[in-house]
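A closer look at the structure
The residues making up each chain are set out below.
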Amino acid sequence: MTIDSVPKPVAGASGFIDDRLGAGNFLRRNLRKVFPDHWSFLLGEIALYSFVILLLTGTFLTFWFKPSMGHVVYDGSYEPLKGVLMSEAYASSLHISFEVRGGLLMRQIHHWAALLFIGGMMVHMLRVFFTGAYRKPRELNWIIGVLLLTLALAEGLTGYSLPDDLLSGAGLRITQGVAISLPLVGSYVSFFLFGGEYPGEDVISRFYTLHILLIPGILLALISAHMILMWVQKHTQMPGKGRTNENVVGGPFYPSFMIKAGAYFLFTFGTLAGLGAFAQINPIWLFGPYTPADISAGSQPDFYMGFLEGALRIMPAWEINFLGYTLPLSVIIPALVPMGIIMTGLALYPFLEQWVTGDRREHHIADRPRNNPHRTSIGFAAITFYGILWLLGANDEIAANFHLSLFQITWVGRFAIFLGPALAYMITYRTCLGLQRKDAEVLSHGVESGVIKRLPHGEFIEIHVPPAEDIAAHMRGKEPVPMIAAGPDDGGIPPKDLRNPIGRLRAKMSQAYGGEKIPVEDGHGHDGHDGHELGQGEDHAAVGSGGDNRSISH
Amino acid sequence: MGTGISVNRITARRRHPLARYAVLLLALGLVGGAYTTFVLPQTQSADAAVASGKADDVTEGAKLFAAHCSSCHGLQAQGTENGPTLVGVGAASVDFQVSSGRMPAANPGPQVPRKPPADWVTPDKIRQLSAYVQSLGGGPTVPGKEQVDPALGDPAKGGELFRANCISCHNWVGAGGALTQGKYAPNLNQSTPEQIYEAMITGPQAMPVFNDSTITPEQKRDMIAYIVGVREQTDPGGFGLGRIGPVTEGLVAWIVGLSALALAAIWITAKKRQANHD
Ligand code: HEM
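Definitions and limits used
Residues numbered from 1 in each chain as written. Chains lettered and ligands numbered in written order. Predicted model: local features only at pLDDT ≥ 70, side-chain atom pairs only at ≥ 80, totals over all residues. Heavy atoms only, no water. Helix = DSSP H or I, 4+ residues; strand = E, 2+ residues; numbered from the N terminus. Buried < 20%, exposed > 50% of the residue type's maximum accessible area, 1.4 Å probe, protein only. Areas by Shrake-Rupley, 256 points an atom, 1.4 Å probe, with all protein chains shown as cover. Polar contact = N/O pair within 3.5 Å; in protein donor to acceptor, adjacent residues only side chain to side chain. Domains from an automatic or database assignment. Contact = heavy atoms within 4.5 Å. Buried area = accessible area lost by both parts, 1.4 Å probe. Nonpolar A, V, L, I, M, F, W, Y, C, P; charged D, E, K, R; others polar. Phe/Tyr/Trp six-rings, centres within 6.5 Å; stacked < 30°, edge-to-face > 60°. Lys NZ or Arg CZ within 6 Å of the ring centre and 35° of its normal. Expected span 1.5 Å × (residues − 1). Near = heavy atom within 4 Å. Donors = N, O, S within 2.8 Å, 3.2 Å for Na, K, Ca; no water. Tetrahedral: all angles 85-135°; square planar, octahedral: opposite > 155°, others 65-115°. pLDDT = per-residue confidence, 0-100. Core = buried A, V, L, I, M, F, W, Y, C linked by side-chain atoms within 4.5 Å. Salt bridge = Lys/Arg side-chain N within 4 Å of Asp/Glu carboxyl O. Pairing = 2+ DSSP bridges.

Counting its regular elements, chain B contains 12 helices and two strands. For chain B, the N- to C-terminal ordering of α and β elements is α-α-α-α-α-α-α-α-α-β-β-α-α-α. Across the 278 residues in chain B, those meeting the buried criterion constitute 46%. Split by element, the accessible area of chain B, about 13,900 Å² in all, is 59% carbon and sulfur.

So this is what it looks like as structure tokens:
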């Protein structure tokens, strides 16, 4: 099927609707919306479909869940808790797990879906980041994404606390610890949140409202906005043959993308159902009911909170005592600083990049990560920062299972959190340049064909052939990273707005961030490669004939 | 007795190439034991033990002790720089340490680990060693069968006590956890009911003692019922993932869930491209 012909079912359906509503044009236009075809573009859908499944399973759970901290004596079928005093919330979660038909499966799917929802968002976001798909005109959608991620963390935290088991209680306790450590307002915030002294009687029902009403509502609204914006602005696409900033190459929404999307929904659902059926998650009956007096070894939050836990665990026990007030830096810093760095950094990045590169053009072609080495390195430094904190959130499990010393891990972590990102930056930067060099080499020297030829004078050479057309086009889609014109004009005077200190800094950063590090065209990213050269004319003719219409002259 | 060494295994061990050395050691032990018994002045309780007809165990135990333990604990269990005094630790402590393979200790380290008991260790030998150490200065004794029978305990009550007293080190299901200075609270998967009881009354290494006034013998039995019951329970939700909570769950979410979906994405889009070529 070609992109231009209207598939029959569409023509029929839209004809029917058109006759009645006059909406045929709208449908015809939208059902044929073109979607590009790259696997990484499906990652966001993991989050979307998980969210749908969260809504469905969550609704199921609300039928039996009782958001109350009233005390009851357990009288269900789980023997080792019989006769134990617990909250109604916990008892009803046990009831869902053991007596409601399919209840445990639903609870487990709900929880696995929560993990994949947030994990899916993270990988999706990384894809967008590394390909520069957040650039104009998509900055707004990027901001929506950052909000979604933040809200999802809150949604996860509130949901995790609902069953009121001992493990979730530990998380709640930390939440309260953070609230109360806020300067000046801390105790008010804590009393407001818990309706009095911790843990009080209110927090579960309050979290319940947040978890099933407020936050999902906002999430739903933001997700819709996200999708509409995406629809209107269209997807970015990877550089390649025939792909320009003005077109989108791929399959039409109907039928090809819809089938793929449908299949992918089923994959997501299948994975979640499989996990829910075969992998136990959050076995609350093993944890026991929450009492503030008990705390278990190995208490951990869900993975998406792990980086905060890690920050808390490596923070030295600093505090400031001033005029009878205590400022517990050991709690405030880990609770607010990493989260602040990551979320603010994410939200501001598109604008910072714009400011540094001075690039205000629209972009619809995605960057290959290697072609913007500084951005990619910043991304990997951030991943390392996050990853180290995340790992250290499990420092006790690591110590216990690999027989390492807890103190040593903590100390290594305290240094690694600063050195790791720097190291990641340098390694990534070098790797990107290396990959660019390789591209340049492939374009100018061709790829190894596996054919060895013996020359008349006895020398062996391997024949290099030009890369396949689409691959070459993919590689040639490279553009230099833009930078501001910072150089002095003819009279030797730098532009006006770059003369103050901030302007000079901006010019410097632009110089470093932008520009072409390894030009593809000069073709000699690697010198001293004589034996590998193609026969003279053959080489360049082959490259030149590759349908190269997107020159990169700047 | 909790070591569960079957007769078959013992016969197999007799044929073990190391058996010769074991015999040699035993002979040495006998000499040492004889020395201890006859030459060294005995404590009163040892005399009492002789009087009460347990003398056999005590003498045999003394010999074993001299052979296997005295290098670190001293010939009279008075302690050396390599090991603490055992006077007053009681039979329960010896039973716990030897049946769980911790003693005789091997390599020095932050904590003596549980390991398969040494070849010569049999329930009888443990009883003899225990009797000997008990004879030195008393101490907590080995619990009776009934005292540790999980079937007689109330797991729900035991669970509450377990959560209140033990999980801060051992985790909710006794999966273990890290302590400071390279020490750790071990998992409780292999501990026999006797060992659980003895661990509570003797407080090995970094573990506190839970004597009968803090936790009554009956409550201890409840806790044993809980620990044993929960660890034998099949996980209703599927694979238990080590029962250590969100850490393994997070790993599974990424390694199984997200990777599977990324592969599916690659597969779906690759499928499409092929169709285009036709
Ligand atoms: C959108 C993202 C959502 C996330 C990340 C999320 C996350 C979670 C988590 C981690 C739990 C603890 C599950 C467990 O017991 O193992 C939970 C419980 C729960 N969630 Fe959600 N959830 C979401 C949406 C929803 C929605 C839309 C509803 C209802 C309409 C809902 C209703 C519930 C209920 C009733 C519980 C407690 C049930 C129980 O634990 O037995 N959730 N949620």
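Our next topic: the side chain of A:Thr131. Inspection of the secondary structure assignment puts A:Thr131 in the loop between helix H5 (103-130) and helix H6 (139-161). There is a polar contact of 3.4 Å between the side chain of A:Thr131 and the backbone oxygen of A:Val128.

Below, the discussion takes up the domain arrangement of chain B. All names here are of chain B. Taken domain by domain, chain B consists of domain 1 (51-140) and domain 2 (143-245). For domain 1 versus domain 2, the separation of C-alpha centres amounts to 24 Å. Contacts between domain 1 and domain 2 engage 14 residues on the former and 14 residues on the latter. Carbon and sulfur atoms supply 50% of the area that domain 1 and domain 2 bury against each other, a total of about 1,200 Å² over both sides. For domain 1, the biggest contributors to the area lost against domain 2 are Phe96, Gln111 and Arg114; these three give 48% of the whole. In this assembly, domain 1 and domain 2 are joined by six residue pairs in polar contact (both at pLDDT 80 or more). For the side of domain 1 that touches domain 2, the per-class residue count stands at six nonpolar, five polar and three charged.

A few words on the packing of aromatic side chains. Residue and element names in this part refer to chain A. The tally for this structure, following the rule as stated, stands at 28 aromatic pairs over all chains. Look at Tyr49 and Phe265: their rings are 5.2 Å apart centre to centre, the planes differ by 85 degrees, and that puts the pair in the edge-to-face class. Within this pair, whereas Tyr49 is found in helix H3 (residues 43-62), its partner Phe265 is found in helix H10 (residues 253-278), the two being separated by 216 residues in sequence. A relative accessible area of 10% places Tyr49 in the buried class. Taking relative accessible area as the criterion, Phe265 reaches 25% and is therefore assigned partly exposed. Members of the aromatic cluster, each reached through a chain of ring pairs, are Phe129, Phe130, Tyr134, Trp142, Tyr349 and Phe380. The ring of Trp411 is capped by Arg414, whose NZ or CZ atom sits 4.6 Å from the centre of that ring.

Along an α-helix, a turn takes 3.6 residues, which lines up residues three or four apart on a common side. Residues and elements named next belong to chain B. Counting buried residues along helix H10 (residues 193-202), 10 of its 10 residues qualify, which places the element largely inside the surrounding structure. Listing the buried residues of H10 in full gives Pro193, Glu194, Gln195, Ile196, Tyr197, Glu198, Ala199, Met200, Ile201 and Thr202. At its buried positions, H10 is contacted by helix H6 (90-99) and helix H11 (217-232). At the exit of H10 stands Gly203, carrying a positive phi of roughly 55 degrees.

Residues and elements named next belong to chain A. Taking 1.5 Å of rise per residue, the 20 residues of helix H14 (residues 373-392) would be expected to cover 28 Å, and the 28 Å separating its terminal C-alpha atoms lies within 8% of that figure. Residues of H14 that are buried include every one of Pro373, His374, Arg375, Thr376, Ser377, Gly379, Ala381, Phe385, Tyr386, Ile388, Leu389 and Leu392, and no others. Each element contacted by the buried residues of H14 is listed here: H5, helix H12 (306-314), helix H13 (329-357), helix H15 (395-402), helix H16 (406-445) and helix H18 (501-513).

This part covers the site of the ligand. Residues and elements named next belong to chain A. Near the ligand you find 27 residues, and of these Arg107, His110, His111, His211 and Asn282 are the closest. Within the side chain of Ser93, an N or O atom sits 3.5 Å from an oxygen atom of the ligand. At a separation of 2.8 Å, an oxygen atom of the ligand approaches a polar side-chain atom of Asn282. Elements that contribute at least two residues to the shell around the ligand include exactly H3, helix H4 (88-98), H5, H6 and helix H9 (203-233). The leading source of residues in the shell around the ligand is H3, at seven residues. Residue composition of the shell around the ligand, by class: 15 nonpolar, nine polar and three charged.

A separate point is the coordination of the iron atom of the ligand. Residues and elements named next belong to chain A. His110 (NE2) and His211 (NE2) make up the full set of protein donors to the iron atom of the ligand, lying at 2.0 Å. Every donor counted, the six donor atoms about the iron atom of the ligand form angles of 87 to 179 degrees at the centre, which fits octahedral coordination. Of this pair, His110 sits in helix H5 while His211 sits in helix H9, and the two are 101 residues apart along the sequence. Accessibility assignment for this pair places His110 and His211 in one class, buried.

Turning our eyes to something else, we now look at the confidence of the model for chain B. Residues and elements named next belong to chain B. Averaged over all residues, the pLDDT of chain B equals 80, while 77% of them reach at least 70. Below pLDDT 50 for its whole length, residues 35-47 participates in 16 contacts with residues either more than four positions away or in separate chains. Scored below 50 in pLDDT, residues 273-278 shows one contact in the model against residues more than four places distant or in partner chains. Of the two predicted TM-score estimates for the complex, the pTM is 0.83 and the ipTM is 0.82.

Residues A:Trp112, A:Phe117, A:Ile118 and A:Tyr264 are the most contacted members of the largest nonpolar core, which totals 77 residues. Here this core takes 15 residues from H5(A), the largest share from any one element. Listed in part, the 54 residues of the second largest apolar core include A:Met69, A:Tyr160, A:Leu286 and B:Ile201.

Another aspect to go through is the interface of chain B and chain A. Of the residues lining the interface, 50 residues belong to chain B; the matching set on chain A comes to 66 residues. Between chain B and chain A, a total of about 4,600 Å² is buried, with carbon and sulfur atoms accounting for 71% of that surface. Between the two partners, chain B and chain A, sit zero salt bridges. There are 11 residue pairs in polar contact (both at pLDDT 80 or more) connecting chain B and chain A. Listing elements by their share of the side of chain B that touches chain A, those giving two or more residues are helix H8 (155-165), helix H9 (167-170), strand S1 (177-178), H11 and helix H12 (246-277) of chain B.

Take the pairing of strand S8 (residues 460-465) of chain A next. The side chains of a regular strand alternate between both faces of the sheet. Residues and elements named next belong to chain A. With five bridges joining them, strand S7 (residues 447-454) and S8 adopt antiparallel strand pairing. Counted as the bridge partner of Ile452 is Glu462 from S8. Taking the residues that link successive antiparallel strands as the turn, the S7-S8 hairpin has five residues, and the phi of Gly458 there is positive, at about 100 degrees.

In a structure, side chains of opposite charge can pair up when their charged atoms sit close to one another. Residues and elements named next belong to chain A. For the structure shown, the criterion picks out 18 salt bridges over all chains. Glu79 is the partner of Lys82 in a salt bridge, and the nearest nitrogen-oxygen pair spans 3.7 Å. Judged by relative accessible area, Glu79 falls into the partly exposed class, the value being 48%. A single salt-bridge network, built from bridges that share partners, covers Arg135, Glu353, Asp367 and Arg375.

Geometrically, the link from A:Lys136 to A:Pro137 is a cis peptide bond, its omega value of 5 degrees lying close to zero. Relative to the elements of secondary structure, A:Pro137 occurs in the loop between H5 and H6. For B:Asn171, which is not glycine, the phi torsion reads 75 degrees and is therefore positive. Along the chain, B:Asn171 turns up in the loop between H9 and S1. Even without glycine at this site, B:Arg243 takes up a positive phi of about 50 degrees. Its place among the elements puts B:Arg243 in the loop between H11 and H12.

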